[in-house]
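Coordinate inspection notes
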Amino acid sequence: MAKNTICVWYDKDAEAAARFYAETFPDSAVGAVIRAPGDYPAGKQGDVLVVEFTVAGIPCIGLNGGPALKHSEAFSFQIATDDQEETDRYWNAIVGNGGQESQCGWCKDKWGISWQITPRVLTDAMAAGGGEAKRAFDAMMTMRKIDVEAIKAARRG
């Protein structure tokens with residue numbers, strides 16, 4: 001296990017979520033699946049308790065902690081994309097698998113985890129500052145899934 005690992009709380013589907021992420025994103029995998037050695041408030045002995053996984057190179061653990069805690073946009077995975085095809089692929093995988101669209105490149109997977117599917121052209125425009133950043137930002141504010149060509153056009157003015 002890595003020295004610093006992101007822990008993501010799930011009701012009961014940490015393993016299913018980890019397997020979905022591993023199938024969807026490159027440099028992602030499912031590691032150890034640890035079962036509860038005894039009964040606990042949200043489950044029974046033998047239930048999957050913790051799943052070690054990696055999402056796009058970032059080590060994580062999924063904890064099946066029960067329904068007590070809910071997810072919010074205060075935590076999200078941000079996936080940088082190189083073009084519209086990659087943006088569409090990840091967006092469609094998340095939203096099309098029981099997820100939900102939001103604004104400005106954000107969506108939620110069916111487990112309630114927030115994702116930012118962010119084309120590099122958008123982050124580059126924001127980093128450029130000035131009028132270019134403002135035009136790209138204004139264009140982004142009208143979008144759900146980011147439209148790469150629209151961001152490029154906004155950058156040009």
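What you see as residue numbers is a count from 1 along each chain, following the sequence as written. Reporting of local features is limited, given that this is a predicted model, to residues whose pLDDT is at least 70; pairs of side-chain atoms are given and counted only at 80 or more, and all residues count toward the totals for whole chains, interfaces and linings. Just so you know, side-chain values use all the structure's heavy atoms and leave hydrogens and water out.

The protein chain is annotated in an unreviewed UniProt entry as PhnB-like domain-containing protein of Rhizobium tubonense.

A word on the domain arrangement of the protein chain. Domain boundaries assigned for the protein chain yield domain 1 (1-69) and domain 2 (70-156). Source of the domain bounds: an automatic or database domain assignment. Computed over C-alpha atoms only, the centres of domain 1 and domain 2 are separated by 25 Å. Contacts between domain 1 and domain 2 engage 18 residues on the former and 13 residues on the latter. Defined in terms of a 1.4 Å probe, buried area is the accessible area two parts forfeit on being brought together, summed over both. When the two sides are added together, the surface that domain 1 and domain 2 hide from each other amounts to roughly 1300 Å², 78% of it contributed by carbon and sulfur. Looking only at domain 1, the three residues that lose the most surface to domain 2 are F20, Y21 and F25, adding up to 38% of its buried area. Side-chain atoms alone can form a polar contact between residues adjacent in sequence; in general such a contact is a pair of N or O atoms within 3.5 Å, and within protein one must be able to donate a hydrogen while the other accepts it. Taken together, the links from domain 1 to domain 2 amount to three residue pairs in polar contact (both at pLDDT 80 or more). The set of elements that each furnish at least two residues to the side of domain 1 that touches domain 2 consists of β1 (6-10) and α1 (14-24). Strands here mean DSSP runs of E at least two residues long; helices mean DSSP runs of H or I at least four residues long; both are numbered from the N terminus. With five residues, α1 is the largest single contributor of residues to the side of domain 1 that touches domain 2. Residues that form the side of domain 1 that touches domain 2 fall into these classes: 16 nonpolar, one polar and one charged. Any two residues whose heavy atoms approach within 4.5 Å at even a single point are treated as in contact. In this classification, Asp, Glu, Lys and Arg are treated as charged, Ala, Val, Leu, Ile, Met, Phe, Trp, Tyr, Cys and Pro as nonpolar, and every other residue, Gly included, as polar.

Further remarks concern the environment of E15. With respect to the helices and strands, the residue E15 is situated in helix α1. Per-residue accessibility, obtained with a 1.4 Å probe over protein chains only, is compared with the maximum for each type, and a residue is labelled buried under 20%, exposed over 50%, and partly exposed between these values. Residue classification places E15 among the partly exposed positions, given a relative accessible area of 23%. Sequence-distant contacts of E15, that is, excluding residues within four places in its chain, are made with V33, V48 and V51. Of the polar contacts made by the side chain of E15, one reaches the side chain of R19; its length is 2.9 Å.

On to the packing of helix α4 (residues 130-140) against helix α5 (residues 148-156), then. Each pair of packed helices can be summarised by the angle the axes make with each other and by the distance between the axes. Lines fitted to C-alpha atoms define the axes here, with helix axes fitted over just the stretch in contact, and angles between the N-to-C directions of these axes take values from 0 to 180 degrees. Two elements in contact, α4 and α5, have axes separated by 7 Å at closest approach and are oriented at 145 degrees. The chirality of how α4 crosses α5 is right-handed. Listed contacts from α5 to E132, R135, A136, A139 and M140 of α4 are I151, A154, R155 and R156. Grouping the amino acids of the contact of α4 with α5 by side-chain chemistry returns five nonpolar, no polar and four charged. Two helices that cross are described as forming a left-handed crossing if the nearer one is turned anticlockwise from the farther one by less than a right angle, and a right-handed crossing if clockwise.

This part covers the packing of helix α3 (residues 120-128) against α5. For the pair α3 and α5, the least separation of the axes is 9 Å and the interaxial angle reads 20 degrees. Classified by the interaxial angle, the pair formed by α3 and α5 is roughly parallel. Seen along the crossing, α3 lies across α5 with a hand that is left-handed. Residue-level inspection shows V121, L122, D124, A125 and A128 of α3 in contact with α5, the latter providing V148, I151, K152 and R155. Of the residues contributing to the contact of α3 with α5, the split by class is six nonpolar, no polar and three charged. Oblique is the label for any angle not covered by the other classes, which are roughly parallel (under 35 degrees), roughly antiparallel (over 145) and roughly perpendicular (65 to 115).

Note that E23 resides in helix α1. For the pair E23 and V55, spaced 32 residues apart in the sequence, the C-alpha separation amounts to 10.0 Å.

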